[in-house]
Amino acid sequence: MENLFICIDHVGLAVPDLDEAIKFHEEKFGWRLLHRETNEEQGVEEAMIGTGSQLPESAQIQLLAPLNENSTIAKFLDKKGPGMQQLCYRVADIDAVSATLRERGLRLLYDEPKRGTGGARVNFVHPKDAGGVLLELTEPPAAAAH
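What you see is a predicted model; the values in this text were computed from it and never measured. (Residues numbered from 1 in each chain as written. Predicted model: local features only at pLDDT ≥ 70, side-chain atom pairs only at ≥ 80, totals over all residues. Heavy atoms only, no water.)

> What's the story with the packing of aromatic side chains in this structure? I'm lost.
Within a pair of aromatic rings, the relevant descriptors are the distance that separates the centres and the angle that separates the planes. In total, this model carries 3 aromatic pairs according to the counting rule given. Ring centres of F24 and F29 lie 5.3 Å apart, and the angle between their planes is 85 degrees; on these two criteria the pair is classed as edge-to-face. Note on Y110 and F124: the rings are 6.0 Å apart at their centroids and 80 degrees apart in plane angle, and the pair reads as edge-to-face. Here the residue Y110 occupies a position in the loop between α3 (94–103) and β6 (114–115), and F124 occupies one in strand β7 (residues 121–125), the gap between them amounting to 14 residues. The class for F124 is buried, based on a relative accessible area of 10%. (Phe/Tyr/Trp six-rings, centres within 6.5 Å; stacked < 30°, edge-to-face > 60°. Helix = DSSP H or I, 4+ residues; strand = E, 2+ residues; numbered from the N terminus. Buried < 20%, exposed > 50% of the residue type's maximum accessible area, 1.4 Å probe, protein only.)

> Is there a simple way to think about the environment of I22 in this case?
Considering the arrangement of structural elements, one finds I22 in helix α1 (residues 18–29). Of the residues examined, I22 reaches a relative accessible area of 6% and is grouped as buried. Each C-alpha atom, one on I22 and one on T38, is 15 Å from the other, the two residues being 16 residues apart in sequence. What I22 contacts, discounting residues up to four positions off in sequence, is L33, R36, A47 and L63. (Contact = heavy atoms within 4.5 Å.)

> What's the story with the pairing of strand β5 (residues 83–90) in this structure? I'm lost.
Consecutive residues of a regular strand have side chains that alternate between opposite faces of the sheet. Taken together, the 7 bridges between strand β1 (residues 7–14) and β5 define a ladder with antiparallel strand orientation. Pairing of L13 across the sheet is with M84, part of β5. (Pairing = 2+ DSSP bridges.)

> So what exactly am I meant to see when it comes to the sheet that holds β5 here?
The strands making up a sheet associate through backbone hydrogen bonding, with each pair oriented either parallel or antiparallel. The strand order β2-β3-β4-β1-β5-β8-β7-β6 describes an open sheet built from 8 strands, whose pairing is mixed. Both edges of this open sheet fall to β2 (32–39) and β6, since each of them pairs with a single strand only. In terms of strand pairing, β1 meets strand β4 (residues 60–66) through 5 bridges, oriented parallel. In the sheet register, H10 faces β4, and the bridge partner there is Q60. Taken strand by strand, α3 contacts β7 and β8 (135–139), and its axis lies near 15 degrees from that of β7. (Axes fitted to C-alpha atoms, helices over the stretch in contact; angles between N-to-C directions.)

> In this structure, what is going on with the pattern of salt bridges? I would like to understand it.
Opposite charge on two side chains lets them pair, provided their charged atoms get close. Enumeration according to the criterion identifies 8 salt bridges in this entry. With a closest N to O distance of 2.9 Å, E37 and R115 form a salt bridge. Of this pair, E37 sits in strand β2 while R115 sits in strand β6, and the two are 78 residues apart along the sequence. A relative accessible area of 12% places E37 in the buried class. Take R115: its relative accessible area is 38%, and that puts it in the partly exposed class. Between E41 and K114 there is a salt bridge, with its nearest N and O atoms 3.7 Å apart. Placement of the pair is E41 in the loop between β2 and β3 (44–50) and K114 in strand β6, with a sequence separation of 73 residues. (Salt bridge = Lys/Arg side-chain N within 4 Å of Asp/Glu carboxyl O.)

What follows is the structure in structure tokens.
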């Protein structure tokens, strides 16, 4: 069976306050802010933090704060509180990987990939089909080392 994934890209943590979460990870663990943006479509303000390296093989942590009470992250925080929200696998071709996963009986949350961090194309495997874990698939933009 072929390997569909390049590596673990990041772990997503749901947080109620992005600034506080960034400060905590910087001060307590020595992580650095690598990228920050607002994604209106996904209803989040997000930050990618890391050890300082942005090499393709360097996994990062994504901090996700809700933009409003209707966002998926707000609902996650209400139900489960702060913590791990998703695990993200990096892929070279999200369309091919999505088709293969669907052929294998897995449900994806979107019919077509959506815009993710830094212009990446993203989709998610339904948690009920992935052992209770929300699995994100990300295809970084061609120019990004993310």
